[in-house]
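Residues per chain are reported as follows:
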Amino acid sequence: MRLLHKASGSIIILASVLPAADGFAVVSVFGRQFDMLNSVILPVRRSLMLGSVKEIDSENFSNVLSSTPNLAVVEFFAPWCRVCTAVAPQYERLAFKLSDKATFFKVNFKQNKGLSLRERVFQLPVVHFYVAGVGRVNRFSLTATTAGSRLLNEVSRFVDAGEGESSRIDLLRTLNSAALGPLVRYNALIQSLQGLARADELLSSEDDVKTQGLQQVFLTDERRLAHLEEIFVWLDEDGSGTLDADELEKAITAIGKQDDSELDPASLIERIVIASGGREAVSIDLDVFVRIMTCKAVQEFGSPQKELLPIFKAIDVDGSGTISKDEMLGALENLFEALPDPAYKQVVSSVSLPAAFDAFDYDSSGEMDYEEFVTMITSNFTTAVEADKDLAV
């Protein structure tokens, strides 16, 4: 086929379109041939795919994700990361392909280190899933060889549903931001008591120059500091401004008898008393409490999977390696019976927490393994759980 142009009474041949073996035409213009597939079609398609992934940063991260109506998929990458470069085309391709199911974003780790630290990004590239109102609901690392299939499978697992069934994301959307507040509070209690039992060891690491940068990140995080202060006030029953041995012993008893030596009540109170120089000497003010918990957070920062083992073991009463809904609710009912908090006790007795268990029980087994538990708990570490507890019922 020839493309013609008529000018001033004469006919000029501008181009010829020739068939090609792959089904796409080869265009010949003034004797020069152009492959339409590589010269026109693929570049246009690549341009469309590039527009499918939006880059976000620490300034707009929360607002963008909270206003995303469907599943938000976020890749954390760095320009110097070779695997990130290798998986980028696959990520762009799936963002284009799955645009009706999820919205894809990316965050430059190098330019947003504070945000990446807050989101517990320890290796690259890593992908997080977010649901508005719930927070992070999934995370996994990518490799160059399996990035495409892993992304496709994970997105499908969240947004697809069988006939007559609700999708995982639909179940998650039924939750409000305070549904997991009691579990977050329970975890904070266990972390606090373990930190106080190791006070001398932790405070001795405070001057380590290698960790002072990370310490400053934690000490300037206003939301974290407010959360620690609320835990302190909760434990300080007499409102004296210090935690004494009786108050801490009561908090330890609220956890219940544990087989794990790290959580054994007698062992915990003994270590706290020894660290303080005697029972009568136990007197921990808010400043010391924050310093101890900051040192603990810095020390455990690189191993988030281990951080939640104590609370998981505390709830796993039968030691089966999984927790049931009854075990979880029982542990929380006992906690808030011993250390009253009317708002949280109301959450435990409502439908919110059982619904959260079902939503994060990804294999619908009725039992939650450690990976599912970590995903459930950490989903709300990035939201204002404590501020929203009155909205839970």
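Everything below is about the structure printed above this text.
Residues numbered from 1 in each chain as written. Predicted model: local features only at pLDDT ≥ 70, side-chain atom pairs only at ≥ 80, totals over all residues. Heavy atoms only, no water.

1. Comments concerning the overall build of the protein
Here's step 1: When helices and strands are counted, the protein shows 19 helices and 13 strands.
Here's step 2: Among the 393 residues that make up the protein, the fraction classed as buried is 47%.
Here's step 3: When the accessible surface of the protein is totalled, it reaches about 19,300 Å², and 54% of it is carbon and sulfur. (Helix = DSSP H or I, 4+ residues; strand = E, 2+ residues; numbered from the N terminus. Buried < 20%, exposed > 50% of the residue type's maximum accessible area, 1.4 Å probe, protein only. Areas by Shrake-Rupley, 256 points an atom, 1.4 Å probe, with all protein chains shown as cover.)

2. Topic: the sheet that holds strand β6 (residues 71-77)
Here's step 1: Strands sit in the order β5-β7-β6-β8-β9 across an open sheet of five strands; the sheet is mixed. Of all the strands in the sheet, just β5 (53-55) and β9 (135-141) have a single pairing partner and so form its edges. Between one strand and the next, the sheet's axes are offset by a mean angle of 25°, whatever the strand orientation.
Here's step 2: The pairing of strand β8 (residues 126-131) with β9 spans six bridges and is antiparallel. (Pairing = 2+ DSSP bridges. Axes fitted to C-alpha atoms, helices over the stretch in contact; angles between N-to-C directions.)

3. With respect to helix α16 (residues 325-338)
Here's step 1: Taking 1.5 Å of rise per residue, the 14 residues of α16 would be expected to cover 20 Å, and the 20 Å separating its terminal C-alpha atoms lies within 8% of that figure.
Here's step 2: For α16, the set of buried residues is E327, M328, L329, A331, L332, L335 and F336. (Expected span 1.5 Å × (residues − 1).)

4. Some words on helix α10 (residues 222-235)
Here's step 1: Compared with an ideal rise of 1.5 Å per residue, which puts 14 residues at 20 Å, α10 spans 20 Å between its outermost C-alpha atoms and is within 8% of the ideal.
Here's step 2: What α10 keeps buried is the set R224, L228, I231, F232, W234 and L235. For α10, the angular spread of the buried residues around the axis is 165°, confining them to a single face. The exposed set on the far side of α10, more than 90 degrees from its buried face, consists of E222 and V233.
Here's step 3: Capping the start of α10 is the job of one residue whose side-chain oxygen sits 3.2 Å from the backbone nitrogen of R223: D221. (Arc of directions from axis to C-beta. Polar contact = N/O pair within 3.5 Å; in protein donor to acceptor, adjacent residues only side chain to side chain.)

5. Some words on the environment of Y370
Here's step 1: With respect to the helices, strands and loops of the structure, Y370 is situated in helix α19 (residues 370-379).
Here's step 2: Residue Y370 is classed as buried on the basis of its relative accessible area, which comes to 16%.
Here's step 3: On a C-alpha basis, the gap between Y370 and K313 in space is 9.5 Å, while along the polypeptide they are 57 residues apart.
Here's step 4: Separated by 3.4 Å, the side chain of Y370 and the backbone nitrogen of L308 make a polar contact.

6. Concerning the side chain of Q215
Here's step 1: On the secondary structure map, Q215 appears in helix α9 (residues 212-219).
Here's step 2: If we ignore the near neighbours within four places in the chain, the residues touching Q215 are S205, E206, D208, T294 and V298. (Contact = heavy atoms within 4.5 Å.)

7. Here's the deal with the pattern of salt bridges
Here's step 1: Under the counting rule described, the total for this entry stands at 16 salt bridges.
Here's step 2: The partner of E92 in a salt bridge is K106, with the nearest N and O atoms 3.9 Å apart. One end of the pair, E92, is in helix α3 (residues 82-97); the other, K106, is in strand β7 (residues 102-108), and 14 residues separate them in sequence.
Here's step 3: Of the charged contacts in the structure, one is a salt bridge between E230 and R185, with a shortest N-O distance of 3.0 Å. Taken together, the positions of E230 in helix α10 and R185 in helix α7 (residues 181-197) put the pair 45 residues apart, joining distant regions of the chain.
Here's step 4: When its relative accessible area of 0% is taken as the criterion, R185 is described as buried.
Here's step 5: Overlapping salt bridges bring together R198, E201, K296 and E300 as one network. (Salt bridge = Lys/Arg side-chain N within 4 Å of Asp/Glu carboxyl O.)

8. Regarding unusual backbone geometry
Peptide bonds are mostly trans, and most non-glycine residues show a negative phi.
Here's step 1: Omega for the bond connecting L124 with P125 falls within 30 degrees of zero, at -10°, which places this linkage in the cis form.
Here's step 2: Relative to the helices and strands, P125 resides in the loop between α4 (113-118) and β8.
Here's step 3: Although it is not a glycine, R120 sits at a positive phi angle of roughly 55°.
Here's step 4: Structurally, R120 can be placed in the loop between α4 and β8.

9. Details of the state of the cysteines
A disulfide bridge is the covalent bond that connects two cysteines by way of their sulfur atoms.
Here's step 1: Considering all chains together, one arrives at one disulfide under this definition.
Here's step 2: One disulfide bridge connects C81 with C84, the sulfur atoms lying 2.5 Å from each other. Residues C81 and C84 are joined through a disulfide that is right-handed, its torsion about the S-S bond being 80°. (Disulfide = S-S within 2.5 Å.)

10. Comments concerning the environment of A188
Here's step 1: You can see A188 is positioned in helix α7.
Here's step 2: Judged by relative accessible area, which is 12%, A188 ranks as buried.
Here's step 3: Between the C-alpha atoms of A188 and L228, which are 40 residues apart in sequence, the distance is 8.3 Å.

11. Details of the pairing of β9
Here's step 1: Of all seven residues in β9, five are buried, a share of seventy percent or more.
Here's step 2: What sits between the antiparallel neighbours β8 and β9 is a turn of three residues, in which G133 has the positive phi angle 90°.

12. A word on the environment of I231
Here's step 1: Tracing the sequence through the fold places I231 in helix α10.
Here's step 2: Note on I231: relative accessible area 1%, which makes it buried.
Here's step 3: For the pair I231 and R185, spaced 46 residues apart in sequence, the C-alpha to C-alpha distance is 7.8 Å.
Here's step 4: The residues contacting I231, other than those within four sequence positions of it, are R185, A188, S192 and F289.

13. Let's talk about the packing of aromatic side chains
Here's step 1: Summed over all chains, the structure comprises 11 aromatic pairs.
Here's step 2: Pairing F61 with F76 gives two aromatic rings, centres 6.5 Å apart and planes at 45°, and the pair type is tilted. In this pair, F61 sits in helix α2 (residues 61-66) while F76 sits in strand β6, placing the two residues 15 residues apart along the sequence. The same class applies to F61 as to F76, namely buried.
Here's step 3: Measuring from ring centre to ring centre gives 5.7 Å for F232 and F289, while their planes differ by 55°; the resulting arrangement is tilted. With F232 in helix α10 and F289 in helix α13 (residues 286-299), the pair connects residues that are 57 residues apart, well separated along the chain. Each of the two residues, F232 as well as F289, counts as buried.
Here's step 4: In textbook terms, an aromatic cluster arises when at least three aromatic residues are bridged by ring pairs, as seen for F129, F140, F158, F360 and Y362.
Here's step 5: Stacked on the ring of W234, the Lys or Arg R185 has its end atom at 4.5 Å from the ring centre. (Phe/Tyr/Trp six-rings, centres within 6.5 Å; stacked < 30°, edge-to-face > 60°. Lys NZ or Arg CZ within 6 Å of the ring centre and 35° of its normal.)

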